[in-house]
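One letter stands for each residue in the lines below.
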Amino acid sequence: MKKVILSVTNDLVTDSRVHKVALTLLKMNFKVVLVGRKLPGSPKLGHRPYKTKRLKLFFKKGPLFYAEYNIRLFWFLRLRKGDVFLANDLDTLPANFLISKLKGKPLVYDSHELFTEVPELLNRPGKKAFWRAIERLILPKISKAYTVSESIARLYQKKYGTPFRVVRNLPHREELLMVPPEKSLAADERKLILYQGALNIGRGLEYAIKAMQHLEGARLLIVGDGDITLPLKKLVADLKLADRVSFMGKIPLQELKYLTAQAHLGLSIEEDLGLNYRYALPNKLFDYIQQQVPVLVSNLPEMRAIVETYQIGMILEKHDPEVLAKQLQEALFNRDLREQWIENLPLAARDLCWEHEEKILEDIVRELR
């Protein structure tokens, strides 16, 4: 059995994509090791059917973190037997590329996003230039690569001549969940609006919070953590919205689905801050769909196409708190609309699942066995 070593820069707790990829590789009779990092507040990992390693680093963010991580990752990979190296995102690519060349082993690249166009780099030309230099140096030399949407794949291929396949971040197919009483959130009759994912700039969260000032009969649940967690909590406190907005923190993958299943509406309202968000197909959108939760999404091409194809939710008109509140009101309380969406969601859930999507991944790595 050949061994695949996958690497990411997160703590593995909530990264559903790499978990699904690892399970698919196991099914293909690869040995699998998943490498990430351990933060001071990282919870313990639940049982995984593959090996995991979380590196403890001195630096937690910024250029020194990326440098330390890649140096540590290089030596971790150098001292272990690996037959295939799978780099997740640009921030793990330098170490993986050097090791694949040094050992003469195949490299596979999974680009979860358009890394050089993330909002965090928009006003940081020096850092953006650095990552673009890494891209220009390595991407033209990669033969096996895939990403999360057709728009990103086309852009990479045009820019670097590298053929990118598309493996969307779809969840495993599940039957509609019956939520056990001990996991129920129904403290009152209010409708539940859910955001799950990273709490970073450009996710539309500030607007969603402000919209709750103008919306009765609903609660906003925010699941996850990130760079703007504290400012968002301060905003909720300043607006005196603690009774309408709840921060749930990070929730392990195996538990999150029970919370998702209880929502009446799922949000994916990223702002158009650069090409990365414009071409995004967030995994939370598909998680909502798999639990048959109607959605409200940004008017961005990839997300809009999914919602319009299956007629399972509403397209955001603009990021204005009052306009957003009116759309939330409509999406939560218009019975005719909701009946139509709920009727269409089972078909969307059957189509948009990992069991279909993983066939593309299997085709990419089959010859490496």
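Everything below is about the structure shown above.
Residues numbered from 1 in each chain as written. Predicted model: local features only at pLDDT ≥ 70, side-chain atom pairs only at ≥ 80, totals over all residues. Heavy atoms only, no water.

### Some details on the overall build of the protein chain
Logical step 1: Of regular secondary structure, the protein chain possesses 14 helices and 13 strands.
Logical step 2: Here the C-alpha radius of gyration of the protein chain, 21 Å, is about what a compact globule of 369 residues would show, namely 21 Å.
Logical step 3: Each principal axis of the C-alpha distribution contributes one length, and for the protein chain these read about 60 × 40 × 40 Å.
Logical step 4: The burial tally for the protein chain puts 54% of its 369 residues in the buried class.
Logical step 5: Within the protein chain, contacts between residues at least 6 apart in sequence are counted, and of these 68% link residues at least 24 apart.
Logical step 6: A total accessible area of about 16900 Å² is found for the protein chain, and carbon and sulfur atoms account for 53% of it.
Logical step 7: Here the protein chain carries 59 positive and 44 negative side-chain charges, and the mean point of each set is 10 Å from the other. (Helix = DSSP H or I, 4+ residues; strand = E, 2+ residues; numbered from the N terminus. Rg over C-alpha atoms; globule rule 2.2 N^0.38 Å. Buried < 20%, exposed > 50% of the residue type's maximum accessible area, 1.4 Å probe, protein only. Contact = heavy atoms within 4.5 Å. Areas by Shrake-Rupley, 256 points an atom, 1.4 Å probe, with all protein chains shown as cover. Lys, Arg positive; Asp, Glu negative; His and termini not counted. Charge placed at Lys NZ, Arg CZ, Asp CG, Glu CD.)

### Observations concerning the sheet that holds strand β13 (residues 313–315)
Logical step 1: Pairing in this open sheet of 6 strands is parallel, and the strands run β10-β9-β8-β11-β12-β13 from one edge to the other. Of all strands in the sheet, those bounded by a partner on one side alone are β10 (245–249) and β13. Averaged over neighbouring strand pairs, the angle between their axes works out to 20° when direction is ignored.
Logical step 2: Helix α8 (residues 253–260) rests against β8 (191–196), β9 (218–223) and β10 of the sheet, and its axis sits at about 150° to β8.
Logical step 3: Lying over the sheet, helix α10 (residues 283–290) contacts β8, β11 (265–268) and β12 (295–297), oriented at roughly 145° with respect to β8. (Pairing = 2+ DSSP bridges. Axes fitted to C-alpha atoms, helices over the stretch in contact; angles between N-to-C directions.)

### With respect to the nonpolar core
Logical step 1: One finds Val35, Leu90, Leu93, Tyr109, Leu139 and Ile142 to be the most contacted residues of the largest nonpolar core, which totals 37 residues.
Logical step 2: At the level of elements, β2 (31–38), α2 (62–78), β4 (84–88), α3 (93–103), β5 (107–111), α4 (125–138), α5 (150–160) and β7 (164–166) are the ones that each hand at least two residues to this core.
Logical step 3: The greatest single-element share of this core, amounting to 6 residues, is contributed by α2.
Logical step 4: With residues near it in sequence (within four places) discarded, Ile142 still touches Leu93, Leu107, Tyr109 and Thr162.
Logical step 5: Residues Ile193, Ala211, Ile222 and Leu241 belong to the second largest nonpolar core, which totals 30 residues. (Core = buried A, V, L, I, M, F, W, Y, C linked by side-chain atoms within 4.5 Å.)

### Here we look at helix α7 (residues 229–238)
Logical step 1: Turning to α7, its buried residues number three or more, namely Thr229, Leu232, Leu235 and Val236. Seen along its axis, α7 keeps its buried residues to an arc of 125°; they face one direction. Across from the buried face of α7, at angles greater than 90 degrees, the exposed residues are Leu230, Lys234 and Ala237.
Logical step 2: Looking at the buried side of α7, the elements it contacts are α6 (205–211) and β10.
Logical step 3: Positive backbone phi, approximately 55°, marks Lys240, located one or two places after α7. (Arc of directions from axis to C-beta.)

### Let's talk about the environment of Leu12
Logical step 1: Summarising the element assignment, Leu12 is placed in the loop between β1 (3–7) and α1 (16–27).
Logical step 2: Separated by 81 residues in the primary sequence, Leu12 and Leu93 have C-alpha atoms spaced 17 Å apart.
Logical step 3: Not counting residues within four places of it along the chain, the set of residues in contact with Leu12 comprises Leu34, Val35, Gly36, Leu45, Arg48, Thr52, Lys53 and Arg54.

### Considering empty space enclosed by the protein
Logical step 1: Going through the model one piece at a time under the given rule, you end up with 1 cavity of 30 Å³ or more.
Logical step 2: Roughly 50 Å³ of volume is contained in the largest cavity.
Logical step 3: A per-class count over the lining of the largest cavity returns 4 nonpolar, 2 polar and 2 charged. (1 Å grid on protein atoms, 1.4 Å probe; cavity = no way out; pocket = protein on both sides within 12 Å on 5 of 7 lines; lining within 4 Å. Points joined across faces, edges and corners; volume = space filled by probe spheres on them. Nonpolar A, V, L, I, M, F, W, Y, C, P; charged D, E, K, R; others polar.)

### Section: the pattern of salt bridges
Logical step 1: All chains considered together, the criterion is met by 19 salt bridges.
Logical step 2: A salt bridge links Asp83 to Lys105, with the nearest nitrogen and oxygen atoms 4.0 Å apart. Placement of the pair is Asp83 in the loop between α2 and β4 and Lys105 in the loop between α3 and β5, with a sequence separation of 22 residues.
Logical step 3: By relative accessible area, which is 12% here, Asp83 ends up buried. (Salt bridge = Lys/Arg side-chain N within 4 Å of Asp/Glu carboxyl O.)

### Considering the pairing of β5
Looking along a regular strand, one sees side chains alternate from face to face of the sheet.
Logical step 1: Burial analysis of β5 places 5 of its 5 residues in the buried class, which makes it a mostly covered element.
Logical step 2: Neither face of β5 is left uncovered, since the one carrying Leu107, Tyr109 and Ser111 and the one carrying Val108 and Asp110 both have all their residues buried.
Logical step 3: As judged from the 4 bridges shared by β4 and β5, these two strands associate in the parallel manner. Each residue of the ladder has a partner; that of Ala87, found in β5, is Tyr109.
Logical step 4: Sheet topology places β5 next to strand β6 (residues 144–147); 4 bridges connect them, and they run parallel. Its bridge partner lying in β6, Asp110 is registered against Tyr146.
Logical step 5: Handedness of the crossover is the feature at issue here: the chain leaves β5, passes through α4, returns alongside β6, and the resulting connection is right-handed. (Right-handed = clockwise from strand over helix to strand, strands pointing away.)

### A closer look at the pairing of β8
Logical step 1: In terms of burial, β8 is a largely internal element, 5 of the 6 residues being buried.
Logical step 2: As paired elements, β8 and β9 share 6 bridges and run parallel to each other. Counterpart to Lys191 in the pairing with β9 is Ala218.
Logical step 3: One ladder, built from 2 bridges, connects β8 with β11; its direction is parallel.

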